[in-house]
Amino acid sequence: MKIEILGMGCQKCGALYQAATQAVAELGIDAEFAKVEDIKEIMKYGVMTTPALVVDGVVKVAGKVPGKEEIKAMLK
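Presented here is a report on the structure given in the accompanying data block. It should be emphasised that the depicted structure is a prediction, and the values quoted were computed from it without experimental measurement.

### Some points on the pairing of strand S4 (residues 58-62)
In regular strands, side chains alternate between the two faces of the sheet. Of the strand pairs in this sheet, strand S3 (residues 52-55) and S4 are connected by 4 bridges, and their pairing is antiparallel. In the sheet register, Leu53 faces S4, and the bridge partner there is Val61. Between S3 and S4, which pair antiparallel in sequence order, lie 2 residues; one of them, Asp56, sits at a positive phi of approximately 50 degrees.

Put into structure tokens, the structure is as follows:
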């Protein structure tokens, strides 16, 4: 599984990264993480507000930081 955090390095982007890594650890999922900070790459996903969570190329949420439990539900 590939998980990408889209954002320019803001505090919310860091919070999303932390929540996502915790969710993956608790679920015991083998996942590769990547931070995408290049605006051109972010726009390729059609994301206009960050942070955004992308799982295997699919945007799951954009413009907010979901809680760990919400992320776990997205990953199941």
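Okay, back to it.
### Here we look at the pairing of strand S1 (residues 2-6)
Counting buried positions over the 5 residues of S1 gives 4, a clear majority of the element. The pairing of S1 with strand S2 (residues 32-36) spans 5 bridges and is parallel. Along S2, the bridge assignment pairs Ile5 with Lys35. In the classification by handedness, the crossover that spans S1, the intervening helix H1 (residues 11-27) and the parallel S2 is right-handed. As paired strands, S1 and S3 are joined by 4 bridges and run antiparallel to one another. Each bridged residue has a counterpart across the sheet, and for Glu4 the counterpart in S3 is Val54.

### A short note on helix H3 (residues 68-75)
Every buried residue of H3 is accounted for by Ile71, Lys72, Met74 and Leu75. Down the axis, H3 shows its buried residues gathered within 160 degrees of arc, on one side only. Exposed side of H3, more than 90 degrees from the buried face: Glu69 and Ala73 are the residues found there.

### With respect to the environment of Ile29
Along the chain, Ile29 falls in the loop between H1 and S2. On the basis of relative accessibility, which here comes to 26%, the residue Ile29 falls in the partly exposed class. If we ignore the near neighbours within four places in the chain, the residues touching Ile29 are Met1, Val24 and Leu75.

### Considering the side chain of Lys72
Mapped onto the fold, Lys72 is located in helix H3. Those residues in contact with Lys72 that lie beyond four places of it in its chain are Ala23, Glu26 and Leu27.

### Quick word on the packing of aromatic side chains
Pairs of aromatic rings are described using the distance from one ring centre to the other and the angle between the two planes. The full count for this structure, using the stated rule, is 1 aromatic pair. Ring centres of Tyr17 and Phe33 lie 5.6 Å apart, and the angle between their planes is 70 degrees; on these two criteria the pair is classed as edge-to-face. Note that Tyr17 is positioned in helix H1 and Phe33 in strand S2, a separation of 16 residues in sequence. Over the ring of Tyr17 we find Lys35, and its NZ or CZ is 4.5 Å from the ring centre.

Rules and cut-offs
- Residues numbered from 1 in each chain as written.
- Predicted model: local features only at pLDDT ≥ 70, side-chain atom pairs only at ≥ 80, totals over all residues.
- Heavy atoms only, no water.
- Pairing = 2+ DSSP bridges.
- Helix = DSSP H or I, 4+ residues; strand = E, 2+ residues; numbered from the N terminus.
- Buried < 20%, exposed > 50% of the residue type's maximum accessible area, 1.4 Å probe, protein only.
- Right-handed = clockwise from strand over helix to strand, strands pointing away.
- Arc of directions from axis to C-beta.
- Contact = heavy atoms within 4.5 Å.
- Phe/Tyr/Trp six-rings, centres within 6.5 Å; stacked < 30°, edge-to-face > 60°.
- Lys NZ or Arg CZ within 6 Å of the ring centre and 35° of its normal.

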